[in-house]
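Breakdown of the fold
As a plain string of letters, each chain reads:
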Amino acid sequence: MITSYYHDPAIDVTLTEPKSLDIRLKLPAHARDVQFIAWNKARREPYRTERLKVSRWAESERYAYYRINWTCMEPSVRYLQYTFKFSMNGGTLWLNEDGLHEADEMPGKGAFEFPYGSDRDAVHSPSWIRDRVWYQIFPERFRNGDPANDPEGTLPWGTPPTRDNMMGGDIQGIIDKLDYLKELGVNALYLNPVLRRNRIINTTRWTISRSTRNSAHWKI
Ligand SMILES: [Ca+2]
């Protein structure tokens, strides 16, 4: 009976480039015929099952250490599954995510999984975002720049906020304070949520620009 086994996939991130995987396996010293078997989970893309013999890397009196550097992943394969097969004490064993199984055939489920992301899974930030100094604003509570657009029931500025009360803050209030924000070194604003008359609206693009050159006037 096996009382100790350990598997270390060496990395715990999703790869976006065809790099190799360094996989290590520690087994009792008398384990033999270790194989690494990998296949495409989705099976939508053509990908043959790999069956690779894993060589013994190091050993001690009680344990054997196996290691395989696997470089055969294909970028189109999004989710790989793999398992280890080895023989010991006359039986065939499978090491899976959910433990050890003694069986002649590979278990139908429970294999290790490895998300091999494609480029479409990666986050691509625009170049302009890298030197931004962000300032997050809740417009309704930042500044009331135009009392004429206050929703019904707007309370005096400075009233203790609750989940539901309204203070009348608006985009004009932000515009009024753009120079102040600039003095702080802020060069990007993150507004949330933007409300239209106390109703949350879906994503909308607003453009704010100077209305006249060299002035403190802004338009939206
Ligand atoms: Ca207002």
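Residues numbered from 1 in each chain as written. Predicted model: local features only at pLDDT ≥ 70, side-chain atom pairs only at ≥ 80, totals over all residues.

The name given to the protein chain in an unreviewed UniProt entry is Glycosyl hydrolase family 13 catalytic domain-containing protein, with the source organism recorded as Paenibacillus cisolokensis.

Once that is clear, we can look at the overall build of the protein chain. A tally of regular secondary structure across the protein chain gives 3 helices and 16 strands. Looking at the protein chain residue by residue over its 220 residues, the buried ones come to 17%. Taking all contacts inside the protein chain whose residues are at least 6 apart in sequence as the whole, residues at least 24 apart take part in 61%. (Helix = DSSP H or I, 4+ residues; strand = E, 2+ residues; numbered from the N terminus. Buried ≥ 20, exposed ≤ 12 C-beta atoms within 10 Å, placed from the backbone. Contact = placed C-beta atoms within 7 Å.)

This part covers the pairing of strand β9 (residues 99-102). The pairing of strand β8 (residues 91-96) with β9 spans 4 bridges and is classified as antiparallel. Across the sheet, the residue bridging to Leu93 is Glu102, located in β9. (Pairing = 2+ DSSP bridges.)

By size, the foremost hydrophobic cluster in this structure holds 19 residues, and its most contacted members are Leu25, Leu27, Val34, Phe36, Val54, Tyr82 and Phe84. At the level of elements, β2 (21-28), β3 (32-40), β6 (63-70), β7 (79-88) and β8 are the ones that each hand at least two residues to this core. The contact partners of Val34, leaving out residues within four places of it in the chain, are Leu25, Leu27, Val54, Tyr66, Phe84 and Phe86. (Core = buried A, V, L, I, M, F, W, Y, C linked by C-beta atoms within 7 Å.)

With that settled, the discussion passes to the confidence of the model for the protein chain. Counting all residues, the mean pLDDT for the protein chain is 80, and 70% of those residues have values of 70 or more. In the model of the protein chain, strand β16 (residues 218-219) stands out as the element of lowest mean pLDDT, 49, in contrast to strand β11 (residues 134-137), which has the highest, 95. Taken together, the stretch residues 214-218 has pLDDT below 50 and engages in 11 contacts with residues farther than four places along the chain or on a different chain. (pLDDT = per-residue confidence, 0-100.)

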